[in-house]
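# Observations on chain architecture
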Amino acid sequence: NAGVTQTPKFRVLKTGQSMTLLCAQDMNHEYMYWYRQDPGMGLRLIHYSVGEGTTAKGEVPDGYNVSRLKKQNFLLGLESAAPSQTSVYFCASRWTGSYEQYFGPGTRLTVT
Amino acid sequence: SQQGEEDPQALSIQEGENATMNCSYKTSINNLQWYRQNSGRGLVHLILIRSNEREKHSGRLRVTLDTSKKSSSLLITASRAADTASYFCATASYFQGAQKLVFGQGTRLTINP
């Protein structure tokens, strides 16, 4: 099993550009999450999904959109990137019967 | 807003010594979890303690939870160089039927050989 994978690993965007981050999990987990990690801030929840076709807002959803068209994939979109979105983005998933979250390796995004 | 506050922010000890990290939180929780993050990597789940538990062990890890003080501690005994990492507490609560984890800012642990 690959676990949770994220694509791409690194990306540099110019202000106003758009991009999509892909998260994939092969553990048949129902729940999936997108976090951002900034220095000194810990992880903050952006959006999450409790199952295929569902999404919900987390703590810091502004400027991001998500989609969960397939159970194994959770996409995070930035429609118009801003320097404030420079961060490391982590995807996580978990099984319904467990509280433990499994994390991907992260995507380091820089917006100039 | 961040619920978990961790103390200390950084800790440096000699290999073989014990490392203790503390976490405080503000609201009611269902459970509290500890995660480890090696530099440049994702987080890895270490241990979970439920709100009705006071202490839990897993290998060299010991976690305590005091819900009256809204605090938890993680003890790593007989530390090794491989324990060098950042450690995060995460409090779990339910919002609109879904579990959410709120992470602390982390403790950066350095084990000196």
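Here, every reference points to the structure presented above.
Let me begin by describing the structure that accompanies this report. (Residues numbered from 1 in each chain as written. Chains lettered and ligands numbered in written order. Predicted model: local features only at pLDDT ≥ 70, side-chain atom pairs only at ≥ 80, totals over all residues. Heavy atoms only, no water.)

## A few points about the overall build of chain B
- Counting its secondary structure elements, chain B contains zero helices and 11 strands.
- The linear arrangement of helices and strands in chain B, starting from the amino end, is β-β-β-β-β-β-β-β-β-β-β.
- Since a compact globule built from 113 residues should have a radius of gyration of about 13 Å, the 14 Å found for chain B is in line with a globular shape.
- Viewed in the frame of its principal axes, chain B has a C-alpha envelope of about 45 × 30 × 20 Å.
- When each of the 113 residues of chain B is scored for burial, the buried share is 48%.
- Relative to all contacts within chain B whose residues are 6 or more apart in sequence, the contacts with residues 24 or more apart total 55%.
- Counting only carbon and sulfur atoms, one obtains 44% of the accessible surface of chain B, whose full area is about 5,400 Å².
- On chain B, the mean spot of the 13 positive side-chain charges and the mean spot of the 9 negative ones are 7 Å from each other. (Helix = DSSP H or I, 4+ residues; strand = E, 2+ residues; numbered from the N terminus. Rg over C-alpha atoms; globule rule 2.2 N^0.38 Å. Buried < 20%, exposed > 50% of the residue type's maximum accessible area, 1.4 Å probe, protein only. Contact = heavy atoms within 4.5 Å. Areas by Shrake-Rupley, 256 points an atom, 1.4 Å probe, with all protein chains shown as cover. Lys, Arg positive; Asp, Glu negative; His and termini not counted. Charge placed at Lys NZ, Arg CZ, Asp CG, Glu CD.)

## Some remarks on the sheet that holds strand 3 (residues 19–25) of chain A
Residue and element names in this part refer to chain A.
- Reading across the sheet, the four strands line up as 1-3-8-7 and stay open at both edges, with antiparallel pairing between neighbours. Of all strands in the sheet, those with a lone pairing partner are strand 1 (4–7) and strand 7 (65–67), marking the two edges. Across the sheet, the mean angle from the axis of one strand to that of its neighbour is 20°, orientation sign disregarded. (Pairing = 2+ DSSP bridges. Axes fitted to C-alpha atoms, helices over the stretch in contact; angles between N-to-C directions.)

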